Amino acid sequence: MTFLRSSPRLRIRVDGQHVSVVPGSSVAAALAARAPGNSRVSVSGEKRAAFCGMGVCHECRVLIDGHLRLACQTRCQEGMSVDTVLEYTRPAGGADAQNGDATACDLLIIGAGPAGMAAALAAAPSGRAIVLVDDNAAPGGQIWRDGPGVALPAPARRMREQLTRHSNITLLCDTRVVGLAGLPGKPALMLEDARRGWPQRYGALILCTGARELLLPFPGWTLPGVTGAGGLQALAKAGVALRGQRIVIAGTGPLLLAAAHSARKAGARVVRIAEQADWRTLLRFAYRLHRWPGKALQAATLFSPHYRSASHVLEATGDGRLQHVRLRRGDGEEHIACHRLACGFGLVPNIELGQMLGCKLDARGGLRIDDMQQTSIPGVFAAGECTGIGGNERARVQGARAGHAAVGQLTQAARLSNELTPWQEFADALRAPFALNASLLSLARPDTLICRCEDVSQSALAPHQSWTDAKVHTRCGMGACQGRICGAATRVLHGWQPSPPRHLLAPTRIDTLADMARSSGDSSA
């Protein structure tokens, strides 16, 4: 199957120049097609490009029709205007506000991946008013991300079709949670889309916020052409042209093979997959996979002859864009010329919204839940990767259990416990084999940037003893991604524990904040 269709095509404007793109492509794909493929210029003058591909790192923020948006999360539309010079101009006519009126629902679900869709479908027969929110253009999460030429798996197609059958489910795509908006006795979250912001009230809440990649710094990791492993997979699905490109994938875990598979489907030549775990560890893990035949078959299908164990990235180099990668392989090194490098060092649960609401964490860093998926906050449930990394099968069962429990169907929720057990055991089996080796913790040099948003180097962090100390004195974690990338990295590198957010999760438009203030004033009147 050809990944990018030749016709029909859309026309958009990028920095005043007309660009032709494939329908369904992301704005990040359109930017990547231009040399050197950058989306912004950093505070110290470096060219940057889409990195995580999932709306976390904010490296791809640009102006789209006058609004500051993330290029990787925005689909191209005919006539769209994209500007990489970030000078905000309020669009003519002003913001499309809701006059301060809050929208209410019985059940609010954040995240429309496998867990969120399963939760909505389980709760729907109750007749409750359900709002399902996701920042992607279509439901499916990162694992079932849509795009040009993407053939969605049968479960994804089936669940999407089932969502449309329920008139009591309102699906809000291209919408994100940016903070809290409630008053005492009236819990609400602040939502924002491309045009407006508003408070969304709810009776019960299910968090299906998923996970993001753990991305560790190394020399050259900020070069355009370097992405996360999952980021490469997301960008390939979104239409970034990879045909004929030489790609190196490095890090640890099953995501490396999945990213390589997506790249090959897009016509790329994957020249190396560097896994930091050794063969003995990998063989022990492979032996245990017989308990999950589907996973064993998937691993065998995705395996590549270019896969190498006990290997990891040392450095990425290039003149304004990635050109070469230096890898450690056993006791030696290898140098590979390539167009792209994708690195992923595992996954991190997205717990920030739960923390903001006051939810407690478990011993492994996920949101703590009981056997009904309820967090430590009454009426707030959680399912999927935000409760711990375990795959989409576990997420779907947890989502269904949370959906039933949130609408009071406790018997139906309890019946799912046996179905969940084998997938929880699989999640537990994933942890030890892909634990990070100590060698990965010393890749960064003194001049290597740790905070990509504020360009804070390793040497600038060295004198500080904690996340808060470093944040106050260096602005590390105070940029657009709000510490999502550097916070997880410094937790691994230095043992620091980032403070949970208090009010806002992400950069938010002044218009949205003004609407929140008006809404609060109206509600208290």
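Basis of the calculations
- Residues numbered from 1 in each chain as written.
- Predicted model: local features only at pLDDT ≥ 70, side-chain atom pairs only at ≥ 80, totals over all residues.
- Heavy atoms only, no water.
- Helix = DSSP H or I, 4+ residues; strand = E, 2+ residues; numbered from the N terminus.
- Buried < 20%, exposed > 50% of the residue type's maximum accessible area, 1.4 Å probe, protein only.
- Polar contact = N/O pair within 3.5 Å; in protein donor to acceptor, adjacent residues only side chain to side chain.
- 1 Å grid on protein atoms, 1.4 Å probe; cavity = no way out; pocket = protein on both sides within 12 Å on 5 of 7 lines; lining within 4 Å.
- Points joined across faces, edges and corners; volume = space filled by probe spheres on them.
- Nonpolar A, V, L, I, M, F, W, Y, C, P; charged D, E, K, R; others polar.
- pLDDT = per-residue confidence, 0-100.
- Contact = heavy atoms within 4.5 Å.
- Axes fitted to C-alpha atoms, helices over the stretch in contact; angles between N-to-C directions.
- Left-handed = near helix turned anticlockwise from the far one by under 90°.

## Examining the side chain of His67
Item 1. Mapped onto the elements of the fold, His67 is located in strand β6 (residues 67–70).
Item 2. What makes His67 buried here is its relative accessible area of 13%.
Item 3. Polar contacts involving the side chain of His67 include one to the main-chain carbonyl oxygen of Ala194, which spans 3.4 Å.

## Some thoughts on the layout of surface pockets
Gaps left between atoms show up when a probe the size of a water molecule is rolled over them.
Item 1. Approximately 180 Å³ is the volume attributed to the second largest pocket.
Item 2. Lining the second largest pocket, in full, are Glu46, Phe218, Pro219, Gly220, Trp221, Thr222, Glu315, Arg445, Asp447, Thr448 and Leu449.
Item 3. Along the lines of polarity and charge, the residues of the lining of the second largest pocket split into four nonpolar, three polar and four charged.

## Structural notes on the confidence of the model for the protein chain
Item 1. Chain-level statistics for the protein chain give a pLDDT mean of 90 and a share of 93% at 70 or above.
Item 2. Throughout residues 87–102 the model reports pLDDT below 50, and contacts reaching past four residues in sequence, or to other chains, amount to 24 contacts.

## Focus on the packing of helix α9 (residues 392–406) against helix α11 (residues 417–431)
Item 1. Relative to each other, α9 and α11 sit at 145 degrees, their axes nearing to 9 Å. Note that α9 runs across α11; the crossing there is left-handed. Residues Glu393, Arg394, Val397, Gln398 and Arg401 of α9 touch α11, and the partners they reach there are Ser417, Glu419, Leu420, Trp423, Gln424 and Ala427.
Item 2. Among the residues forming the contact of α9 with α11, the class breakdown is four nonpolar, three polar and four charged.

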